[in-house]
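Breakdown of the fold
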Amino acid sequence: MMIRSIFFCLAALLCLPATAQIKGKITDGKTGQGIGFVSVSLLSLPDSGLVKGQISDSAGRFSFENVPAGRYVLLLMAMGYQKLYKNPGDLAPPGEIAL
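Notes on the structure follow. (Residues numbered from 1 in each chain as written. Predicted model: local features only at pLDDT ≥ 70, side-chain atom pairs only at ≥ 80, totals over all residues. Heavy atoms only, no water.)

Notes on the overall build of the protein
To keep things clear, this is the line we draw: What counts as a helix is a DSSP run of H or I of at least four residues, what counts as a strand is a run of E of at least two, and both are numbered from the N terminus. Working definition: with a 1.4 Å probe on protein chains only, accessible area under 20% of the residue-type maximum means buried, over 50% means exposed, and in between means partly exposed. By definition, residues are in contact when any of their heavy atoms lie within 4.5 Å. Reported accessibility uses the Shrake-Rupley method at a 1.4 Å probe radius. Residues are deemed covered only where the shown protein chains occlude them.
Tallying secondary structure elements over the protein gives one helix and seven strands in all. Seen in sequence order, the protein has helices and strands lined up from the N terminus as α-β-β-β-β-β-β-β. By the burial criterion, 28% of the 99 residues in the protein qualify as buried. Nonlocal contacts in the protein, meaning residues at least 24 apart in sequence, comprise 51% of its contacts between residues at least 6 apart. In the structure as shown, the protein presents an accessible area of about 6,800 Å², 61% of it carried by carbon and sulfur atoms.

Spelled out as structure tokens, the structure:
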């Protein structure tokens with residue numbers, strides 16, 4: 001019975017969905033300087049439902065931890081800039097997004 005319990009626990013762990021981290025830095029497209037306090041929303045596709053949201057730090061850095069496997073788009077909004085939708089797969093190394 002003990003072996004079956006251990007097998008069941010291992011099987012349950014293997015069936016957990018894979019997670020990822022999405023991180024980046026938001027910069028001004030003209031100056032290259034980081035833009036702080038940008039609203040960053042992670043939206044699921046195709047319905048654009050909100051999965052996670054946060055405000056970037058003062059240097060423009062953000063990070064979403066434990067993101068389940070799936071298709072997503074980032075929505076970035078900051079005062080004085082146009083709203084931007086960005087595919088996380090389109091982040092240029094090292095994960096910078098220019099507004």
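Describing the sheet that holds strand β3 (residues 50-55)
To summarise the sheet geometry, strands pair through backbone hydrogen bonds and adopt either a parallel or an antiparallel arrangement. What counts here: In short, DSSP must find at least two bridges between two strands for them to pair. To get an axis, fit a line to the C-alpha atoms, keeping to the stretch in contact for a helix; angles then go from 0 to 180 degrees between the N-to-C directions.
The strand order β3-β2-β5-β6 describes an open sheet built from four strands, whose pairing is antiparallel. The open sheet is flanked by β3 and β6 (84-86), the only strands paired with a single partner. Along the sheet, successive strands turn relative to each other by an average axial angle of 20 degrees, direction set aside. Two strands pair when backbone bridges link them, and strand β2 (residues 39-44) and strand β5 (residues 72-77) are joined in this way by six bridges, in the antiparallel orientation. Its bridge partner being in β5, Ser44 is matched across the sheet by Tyr72.

Some words on the side chain of Ser56
As a reminder of what qualifies: Polar contacts, as used here, are pairs of N or O atoms within 3.5 Å; protein pairs need one atom able to donate a hydrogen and one able to accept it. Residues neighboring in sequence count only if both atoms are side-chain atoms.
The topology assignment puts Ser56 in the loop between β3 and β4 (61-68). At 3.2 Å, the side chain of Ser56 and the backbone nitrogen of Phe37 are in polar contact. Apart from the residues within four sequence positions on either side, Ser56 is in contact with Ile26, Ile35, Gly36, Phe37, Val38, Val40, Arg61 and Phe62.

Purely geometric stuff here, so don't read any function into it on its own.
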